[in-house]
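# Working through the structure, step by step
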Amino acid sequence: MSGRERILGRVRRALADVAPDDRPYGEAVPRDYLREHGRRTVEETVELLAENLADYRAVVHRGTEDRLPALIGRLLAERGSREVLVPAGLPPAWTAAADAVRVDDRAADTPQRLDRVDSVVTGCAVAVAETGTIVLDGSPDQGRRRISLVPDHHICVVRVPDQVVSSVPQALERLDPGRPLTWISGPSATSDIELDRVEGVHGPRTLEVILLG
Amino acid sequence: MTGTFVGMPAFPKAAHDAVHDPTLRGNLRHATHTIRAKRARAVGELSDWAALREAGRRIKDHTLRHLDRYLLQLEESVTAAGGTVHWAADADEANRIVARLVRETGESEVVKVKSMATQEIGLNEALEAEGIRAYETDLAELIVQLGEDRPSHILVPAIHRNRGEIRDIFRKEMGRWGRPAPDDLTDTPAELAEAARLHLREKFLRAKVGISGANFMVAETGTLVVVESEGNGRMCLTLPETLISVVGIEKVVPAWRDLEVFLQTLPRSSTAERMNPYTSMWTGTTDEDGPRAFHLVLLDNGRTDTLADRVGRQALRCIRCSACLNVCPVYERAGGHAYGSVYPGPIGAILSPQLRGTASEIDASLPYASSLCGACYEVCPVAIDIPEVLVHLRERVVEGGPAVRQGNKVVLRPAKGHAAERAAMRAARWAFGHPGALRAGQRLASRTRRLHPRTLPGPGRAWSGTRDLPAVPAEPFRDWWQRTRGGKDGAE
Ligand code: SF4
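Reading the values: the criteria
- Residues numbered from 1 in each chain as written.
- Chains lettered and ligands numbered in written order.
- Predicted model: local features only at pLDDT ≥ 70, side-chain atom pairs only at ≥ 80, totals over all residues.
- Heavy atoms only, no water.
- Helix = DSSP H or I, 4+ residues; strand = E, 2+ residues; numbered from the N terminus.
- Rg over C-alpha atoms; globule rule 2.2 N^0.38 Å.
- Buried < 20%, exposed > 50% of the residue type's maximum accessible area, 1.4 Å probe, protein only.
- Contact = heavy atoms within 4.5 Å.
- Areas by Shrake-Rupley, 256 points an atom, 1.4 Å probe, with all protein chains shown as cover.
- Pairing = 2+ DSSP bridges.
- Axes fitted to C-alpha atoms, helices over the stretch in contact; angles between N-to-C directions.
- Near = heavy atom within 4 Å.
- Nonpolar A, V, L, I, M, F, W, Y, C, P; charged D, E, K, R; others polar.
- Buried area = accessible area lost by both parts, 1.4 Å probe.
- Salt bridge = Lys/Arg side-chain N within 4 Å of Asp/Glu carboxyl O.
- Polar contact = N/O pair within 3.5 Å; in protein donor to acceptor, adjacent residues only side chain to side chain.
- Phe/Tyr/Trp six-rings, centres within 6.5 Å; stacked < 30°, edge-to-face > 60°.
- Expected span 1.5 Å × (residues − 1).
- Parallel < 35°, antiparallel > 145°, perpendicular 65-115°, else oblique.

## Let's talk about the overall build of chain A
- When its secondary structure is counted, chain A shows six helices and 12 strands.
- For chain A, the C-alpha radius of gyration of 21 Å lies well beyond 17 Å, the compact-globule estimate for 213 residues.
- Taking the principal axes of the C-alpha coordinates as reference, chain A spans close to 70 × 50 × 40 Å.
- Within chain A, the fraction of its 213 residues that count as buried is 61%.

## Digging into the overall build of chain B
- Summing up its helical and strand segments, chain B has 23 helices and 12 strands in all.
- Relative to all contacts within chain B whose residues are 6 or more apart in sequence, the contacts with residues 24 or more apart total 74%.
- Summed over its atoms, the accessible surface of chain B is roughly 16,700 Å², and 49% of this surface lies on carbon and sulfur atoms.

## A closer look at the sheet that holds strand S4 (residues 209–212) of chain B
Residues and elements named next belong to chain B.
- With parallel pairing, the six strands of this open sheet are ordered in space as S1-S10-S7-S4-S2-S3. Looking at which strands have only one partner, the edges of the open sheet turn out to be strand S1 (84–88) and strand S3 (133–136). The sheet shows a mean angle of 25 degrees between the axes of neighbouring strands, direction not considered.
- Along the sheet face, helix H5 (residues 91–105) touches S1, strand S2 (109–112), S4, strand S7 (242–248) and strand S10 (293–299) and points at about 145 degrees away from the line of S1.

## Notes on the site of the ligand
- Lining the immediate surroundings of the ligand are Cys318(B), Ile319(B), Arg320(B), Cys321(B), Ser322(B), Cys324(B), Ile347(B), Cys380(B), Pro381(B), Val382(B), Ile384(B) and Ile386(B).
- Residue composition of the shell around the ligand, by class: 10 nonpolar, one polar and one charged.

## Some words on the pairing of strand S6 (residues 223–228) of chain B
All names here are of chain B.
- Burial analysis of S6 places five of its six residues in the buried class, the great majority of the element.
- Between strand S5 (residues 216–218) and S6, which pair antiparallel one after the other, the connecting turn spans four residues, and Gly 222 there sits at a positive phi close to 80 degrees.
- One ladder, built from six bridges, connects S6 with strand S9 (residues 278–283); its direction is antiparallel. Each residue of the ladder has a partner; that of Val 225, found in S9, is Met 281.

## Section: the environment of Ala272(B)
Residues and elements named next belong to chain B.
- If you trace the backbone, Ala 272 turns up in the loop between helix H12 (259–270) and S9.
- You can call Ala 272 buried: its relative accessible area is 11%.
- In sequence terms Ala 272 and Val 43 are 229 residues apart; their C-alpha atoms lie 7.8 Å from each other.
- Among residues more than four places away in sequence, those in contact with Ala 272 are Ile 35, Lys 38, Arg 39, Ala 42 and Pro 267.

## Regarding the sheet that holds S9(B)
- Across the sheet, eight strands lie side by side as S8(A)-S5(A)-S6(A)-S9(A)-S9(B)-S6(B)-S5(B)-S8(B); this open sheet has mixed pairing. The sheet is open, and its two borders are formed by strand S8 (164–165) of chain A together with strand S8 (252–253) of chain B, each paired with just one other strand.
- Bridge analysis of strand S6 (residues 133–136) of chain A against strand S9 (residues 181–184) of chain A gives three bridges, and the strand direction is antiparallel. Across the sheet, the residue bridging to Leu136(A) is Thr182(A), located in S9(A).
- Sheet strands in contact with H12(B) are S9 of chain A together with S5, S6, S8 and S9 of chain B, and its direction is about 170 degrees off that of S5(B).

## Quick notes on the interface of chain A and chain B
- Each partner contributes residues to the interface: chain A has 78 residues there, and chain B has 105 residues.
- Together chain A and chain B conceal approximately 8,200 Å² of surface at their shared face, both sides included; 57% is due to carbon and sulfur atoms.
- Three residues stand out in chain A for area buried against chain B, namely Arg145(A), Asp192(A) and His202(A), and they jointly supply 9% of the buried area on that side.
- Counting every contact that joins chain A to chain B gives 13 salt bridges.
- If you look at where chain A meets chain B, you find 40 residue pairs in polar contact (both at pLDDT 80 or more).
- Listing elements by their share of the side of chain A that touches chain B, those giving two or more residues are helix H1 (3–14), helix H2 (25–28), helix H3 (42–55), helix H5 (111–115), helix H6 (168–174), S9 and strand S10 (189–190) of chain A.
- Ranked by the residues each element gives to the side of chain A that touches chain B, the list is headed by H1(A), at 10 residues.
- Along the lines of polarity and charge, the residues of the side of chain A that touches chain B split into 35 nonpolar, 17 polar and 26 charged.
- Sheet analysis places S9(A) next to S9(B), joined by four bridges and oriented antiparallel.

## Description of the packing of aromatic side chains
- Summed over all chains, the structure comprises five aromatic pairs over all chains.
- A ring pair is formed by Tyr25(A) and Tyr70(B), whose centres lie 6.5 Å apart and whose planes are at 70 degrees; its orientation type is edge-to-face. One end of the pair, Tyr25(A), is in helix H2; the other, Tyr70(B), is in helix H4 (residues 67–80), on a second chain. Summarising the burial analysis for this pair, Tyr25(A) and Tyr70(B) share the class buried.

## Some remarks on the side chain of Asp118(A)
- Looking at the element boundaries, Asp118(A) is found in the loop between H5 and strand S4 (119–122).
- Within the local environment of Asp118(A), its side chain forms a polar contact with the backbone nitrogen of Arg82(A), the two atoms lying 2.8 Å apart.

## Focus on helix H19 (residues 386–399) of chain B
All names here are of chain B.
- With 14 residues, H19 should cover 20 Å at 1.5 Å per step; its first-to-last C-alpha distance of 20 Å lies within 8% of that length.
- A large share of H19 lies buried, amounting to 12 of its 14 residues.
- Within the span of H19, buried status applies to Ile 386, Pro 387, Glu 388, Val 389, Leu 390, Val 391, His 392, Leu 393, Arg 394, Arg 396, Val 397 and Val 398.
- Of the residues trailing H19, Gly 400 is marked for its positive phi of about 70 degrees.

## Remarks on the pattern of salt bridges
- Counted under the stated rule, the structure contains 54 salt bridges over all chains.
- We note a salt bridge from Arg310(B) to Asp17(A), for which the minimum N-O separation is 3.1 Å. Here the residue Arg310(B) occupies a position in the loop between helix H13 (303–307) and helix H14 (323–327), and Asp17(A) occupies one in the loop between H1 and H2, the pair thus bridging two chains.
- With a shortest N-O distance of 3.0 Å, Glu83(A) and Arg113(A) are connected by a salt bridge. Taken together, the residues Glu83(A) in strand S2 (residues 83–86) and Arg113(A) in helix H5 connect sequence positions 30 residues apart.
- Because the salt bridges share partners, they merge into one network encompassing Arg79(A), Asp152(A), Arg205(A), Glu194(B) and Arg197(B).

## Things to note about helix H4 (residues 68–79) of chain A
Residues and elements named next belong to chain A.
- Given a rise of 1.5 Å per residue, 12 residues ought to cover 16 Å, and the 17 Å separating the end C-alpha atoms of H4 matches this to within 8%.
- Taken residue by residue, H4 has Leu 68, Pro 69, Leu 71, Ile 72, Gly 73, Leu 75 and Leu 76 as its buried positions.
- As for H4, its buried residues are in contact with strand S1 (59–63), S2, S4, strand S7 (153–159) and strand S12 (206–212).
- A positive backbone phi angle near 75 degrees is found at Gly 80, which sits one or two residues after H4.

## Things to note about the packing of helix H3 (residues 49–65) of chain B against H4(B)
Residues and elements named next belong to chain B.
- The geometry of H3 relative to H4 is characterised by a closest axis approach of 5 Å and an angle of 90 degrees between their N-to-C directions. Taken as axis vectors, H3 and H4 run roughly perpendicular relative to one another. Residues His 62, Thr 63, Leu 64 and Arg 65 of H3 form the contact with H4, whose own contacting residues are Leu 67, Arg 69 and Tyr 70.
- Residue composition of the contact of H3 with H4, by class: three nonpolar, two polar and two charged.

Right, here's the structure in full:
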């Protein structure tokens, strides 16, 4: 007997004592929890996002479309970045004012190559105000998952208010489960040593979020 | 189930040793109290916590009720998305499957992200025997692996080590496994984390095979979810060419939408954060992004035996948040190692004896590793009535009775005159010898839980004279299942 048949058989025997239940799943679980917590205006929701991002030690900036290239150029220069990774669909204007050399996100590059790049600039799919989270879904302005992981400095641009939702339930409604998703809440961290929080173990140690509106 | 630590003394003996280790006690006390207070704040932010908890409980109960159907649906979704699904009835079968998959890649080393399931089956040791080296990549797991030690907490497995010990382990052992620690390494957490970053980075960058577990698997979409903090999970899930995920069958949930409940309750219960730093979700494989081959190994290893137990099956709702450890007065004093399995604390006390049976002395004594105060039930985000299961398992140890082992119905003999009963008695004596543990428990109990006296059988009777025992919860799992008979009537 295969492991599959053995396990399924055991499951069915284990449930033999239980009364049949053919209710559709939609009726089986009460969903009387909230879709979002509290009432806020759009501006207040964006403000909450900024607060919660900062609370998890992301560095938050605000920008407008026309000042964005200069802002990104400045952030890269302050960091001393020589090379910056750019996903294929990132608006070229965003990095137009940067001195750093642009490195395209290509499938052929080895992880060792990515490890030599200083910074990465991406867009995002959605941002969650209540938790201070940005979600990347691999769209052309975000690129492969690894590019926002290996470099030590990540600049993420969030379009406000369009890309901002209040809550986790609202974020899931917007996302496509078929795409690879990365939820990011602040820079990587560990509390494994005596519960002292240390920023940045393996992911980018600096996360800068630009709220573009 | 493998993974009983060889020569493990029964709980009371192990707990006794821990209680007399001042470093361990100090670390544990600090850790559990810190997380406990933070968790209360994080949970307090959500006014609908009770509704989320109830929804989580119902989602899991419904899934378990139809587990065969959801596993088949999951298999179909994962396969359609480009993954391959394997089924492993026990630890040996799972280890054989993983070893074969690694061998087929031609590689002899793998990077691993922390996974309770792979610890449970002893995967690292099984791979080692096949000449395959498995590198743990969580900071805490690295500390444990380099120190040839055992994890002692679900969330912070190296909680029993202080910074000086960690520095010594890094200095002494890192060089044997790869990039050595810098000679002038101090014991500041930032420097220790930096040493781990450099040591592990060379392994991530060259790794061809990654091994993970998963926190959730969505049947409807075939999506797997890994919740983490450090980014080592993302490294293991995206850089290698082949990804193998070993996941217990109880981790399936029916729908994408169900994640909206658990992504709110898990981080707040676990690390006491609004959201953990990184959550990865993937569905099969994606062209030119991440691993080209994805294997999902579905693990039983005692879970279906647990499912067969009307009272005990609720333990399968567990989402491994570790909140119950942090509030447990017995865990705080005894430490994680005393539980003799990868699952410490209250959840370990009800899970290990069910996954492994109660034949060994340690497993028979685990249901007694509690003052039945009910604090674990209060914090549990899926409302597992741990005290109810503990009492039930004590009855089983003492009185014997029907059970299912490896899929077969068996009748357990009562433990009378048996090593298990002696273990139980010693456990009871240990608890009484540490009245602080009981008092802390009672205070919590009277504040938080409506209790309803009940008498314990066997050696436990000694307890019921002074202790209130938990009554039936508002609606136990089995009642709910019975109430849902016939589908539409009687529901909500
Ligand atoms: S039993 Fe409940 S509180 Fe304990 S780890 Fe599992 S889900 Fe968390």
